[in-house]
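# Examining the three-dimensional arrangement
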Amino acid sequence: SELIRGFLLSGMPCPSSCPPGLLALMAPGLALMATFSLPSQAGDRRALPVEKTSGVRGRTLILLDVNTKSPVRIISENFLSLQLDPSIIHDGWLDFLSSRRLVTLARGLAPAFLRFAGKRTDFLQFHNVKNPAKSRGGPGPDYYLKNYEDDIVRSDIALDKQKGCKIAQHPDIMLELQREKAAQMHLVLLKEQFSNTYSNLTLTARSLDKLYNFADCSGLHLIFALNALRRNPNNSWNSSNALSLLKYSASKKYNISWELGNEPNNYRTLMGRSVNGSQLGKDYVQLRSLLQLIRTYSKANLYGPNIGRPRKNVIALLEGFMKVAGSTVDAVTWQHYYIDGRVAKVTDFLKTRLLDTLSDQIRKIQKVVNTYTPGKKIWLEGVGATSAGGMNNLSDSYAAGFLWLNTLGLLASQGIDVVVRHSFLDHGHNHLVDQNFNPLPDYWLSLLYKRLIGPKVLAIHVAGLQRKPRPGRVIRDKLRIYAHCTSYHNHNYVRGSITLYIINLHRSRKKIKLAGTLRDKIVHQYLLQPYGKDGLHSKLVQLNGQPLAMVDDGTLPELKPRPLRAGRTLVIPPLTMSFYVVKNVNALACRYR
């Protein structure tokens, strides 16, 4: 057998030699071509070639080791965070954030930030009116069917009577009517999005109370993006409405961090007037001064400028902003969507070139930030598999998880401090939770990540053994492996344990032998696969062969691992995502927080 040169995924060289005994495991073979039915796009399935082997012939054995002495990166405890789009005001879902089921699902992903922002951020107006709830009589025979708005008021009355965390139990008929309302509003919102003409949104004091209650009950820290398109005649930011919101939030002692605007590079398209980087920087300096005048927010965090994809004009905007306000913000933010949701197909999520498009963006952003404020934290906000709200049965399916998990691994390995997923609920088909309040595949993937992955990123080195390396079939392209210290919050594992997470985009299974410090350790497997007949299109998943679903509105299921005996080779099924906790490694990098 021939030894493929060891290649590095996280910046460390391959060992100088591989254990010679492993060579005996390999034998010459012929890779046979077979076909299987793989969904190619929504409503279409076609046969694609698959690598298939017989016995051990033609297989590849991968040797994997991890540097356990020190982490290469340390990211935020809130690394995986969430976003809610202001469109939930428009379509009514904001009134349902007090649902016990939604709060339970959000709590599962804590600790995290909850960013309230999106395309409609710069059309949001705050009105300090409470709209006090008034009783309109008790329920009659068809009360919920005929009095939907009354029922919202009735729910608010019940919430007002609660102290502390306010939780509601909404009747099924009420949720059904809300889904009908949201479906009608979705068409309106899509028309606005595709025409780039947005109507103004009003956020009342009561609505802000509901938003903050959801974040607080869920253990999430709220980040609120203020409207940046309120402009004075000289194009400077008009802060009058923002000041009203800040004063109200301070009177309630709400613990909030702040941003200003969303994708400022698109302002000319939205409003016919542009705001350059220098002016935006001055606006942020003005906001910082405003925060310092309000005791509650004198030390509040401020993030921005949340630019779009770093093309040439966007980089110029960022440079102008950093010159003026680089020291004003606590982290520099940008956002990224991989593909246009209107033309996406399932095979897009399997393309390694697509997975790698983010790397170039990271380098561009880091270059600018390090030029003006070396060491400043960088966040990726508003990330999603697809733009334009996504596509049903694609961006909300199992297949989209390949992009999401690789995004998490790539960003952590590159030192990006926080990634904000757009959206937790309701925004098109990129969400983690659907309108029946059922978790989608990316939710379960995120939950596993939160339970198993700690903030310390470890360097790995991998070597592959193969009989005849074939041009264009490089194993590292389609097998993505990342390593972290296991989460300190997971009390099932002692400190010093390591968690691997692996994406196998190959259409054949791959075998990994743990070497070095990982050799002969007990491993716990968490294998996530699609559940049901829809395959990669499935919105249901199984963990180690068991379907995942909520136990009840207040209880998430136990995530049970499959123990593997010490020294066993890891077998990674085709087109899957998996986590492996290597127990009792006693890794020096992972012993202490």
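The rules we used
- Residues numbered from 1 in each chain as written.
- Predicted model: local features only at pLDDT ≥ 70, side-chain atom pairs only at ≥ 80, totals over all residues.
- Heavy atoms only, no water.
- Buried < 20%, exposed > 50% of the residue type's maximum accessible area, 1.4 Å probe, protein only.
- Helix = DSSP H or I, 4+ residues; strand = E, 2+ residues; numbered from the N terminus.
- Pairing = 2+ DSSP bridges.
- Disulfide = S-S within 2.5 Å.
- 1 Å grid on protein atoms, 1.4 Å probe; cavity = no way out; pocket = protein on both sides within 12 Å on 5 of 7 lines; lining within 4 Å.
- Points joined across faces, edges and corners; volume = space filled by probe spheres on them.
- Nonpolar A, V, L, I, M, F, W, Y, C, P; charged D, E, K, R; others polar.
- Axes fitted to C-alpha atoms, helices over the stretch in contact; angles between N-to-C directions.
- Parallel < 35°, antiparallel > 145°, perpendicular 65-115°, else oblique.
- Left-handed = near helix turned anticlockwise from the far one by under 90°.
- Contact = heavy atoms within 4.5 Å.
- Core = buried A, V, L, I, M, F, W, Y, C linked by side-chain atoms within 4.5 Å.

Along strand β23 (residues 523-530), seven of the eight residues are buried, which leaves the element largely enclosed by surrounding structure. Pairing analysis gives six bridges linking β23 to strand β28 (residues 576-582), with the strands arranged antiparallel. Each bridged residue has a counterpart across the sheet, and for L528 the counterpart in β28 is M577. Bridge count for β23 against strand β24 (residues 541-543) is three bridges, and the pairing is antiparallel. Bridge pairing in β24 links L528 to L543.

Evaluated as defined, the whole model comprises two disulfides. The disulfide bridge from C165 ends at C217, spanning 1.9 Å between sulfur atoms. Pair noted here: C165 is in the loop between α4 (148-160) and α5 (172-195) and C217 is in helix α6 (residues 205-218), with a separation of 52 residues, a long-range link. The class of C165 is partly exposed, set by a relative accessible area of 30%. On the basis of relative accessible area, C217 is assigned to the buried category, the value being 9%. Assigning the bonded cysteines of the protein chain consecutive numbers by sequence position, one obtains the connectivity 1-2, 3-4.

Moving on to empty space enclosed by the protein. Scanning all chains against the criterion turns up six cavities of 30 Å³ or more. Space inside the second largest cavity adds up to approximately 70 Å³. Considering the residues around the second largest cavity, the lining is formed by L124, Q125, F126, F224, L226, N227, R230, W237, N238, N241, A242 and L245. Taken together, the elements giving at least two residues each to the lining of the second largest cavity come down to β9 (124-127), β11 (220-226) and α7 (240-251). Counted by class, the lining of the second largest cavity contains seven nonpolar, four polar and one charged residues.

It is worth spelling out the packing of α6 against α7 at this point. At a closest axis distance of 11 Å, the pairing of α6 and α7 adopts a crossing angle of 55 degrees. Overall, the two elements α6 and α7 adopt an arrangement that is oblique. Crossing of α6 over α7 shows right-handed handedness. Residues A205, L208 and D209 of α6 touch α7, and the partners they reach there are L245, Y248 and S249. Considered class by class, the residues forming the contact of α6 with α7 number four nonpolar, one polar and one charged.

Among the nonpolar cores identified, the biggest contains 137 residues, and F224, W258 and F424 are the most heavily contacted of them. The biggest single contributor to this core is helix α13 (residues 401-413), with eight residues. F424 has contacts with L82, Q83, L84, L102, L105, A106, F214, H431, L432 and V433, leaving out every residue within four places of it along the chain.

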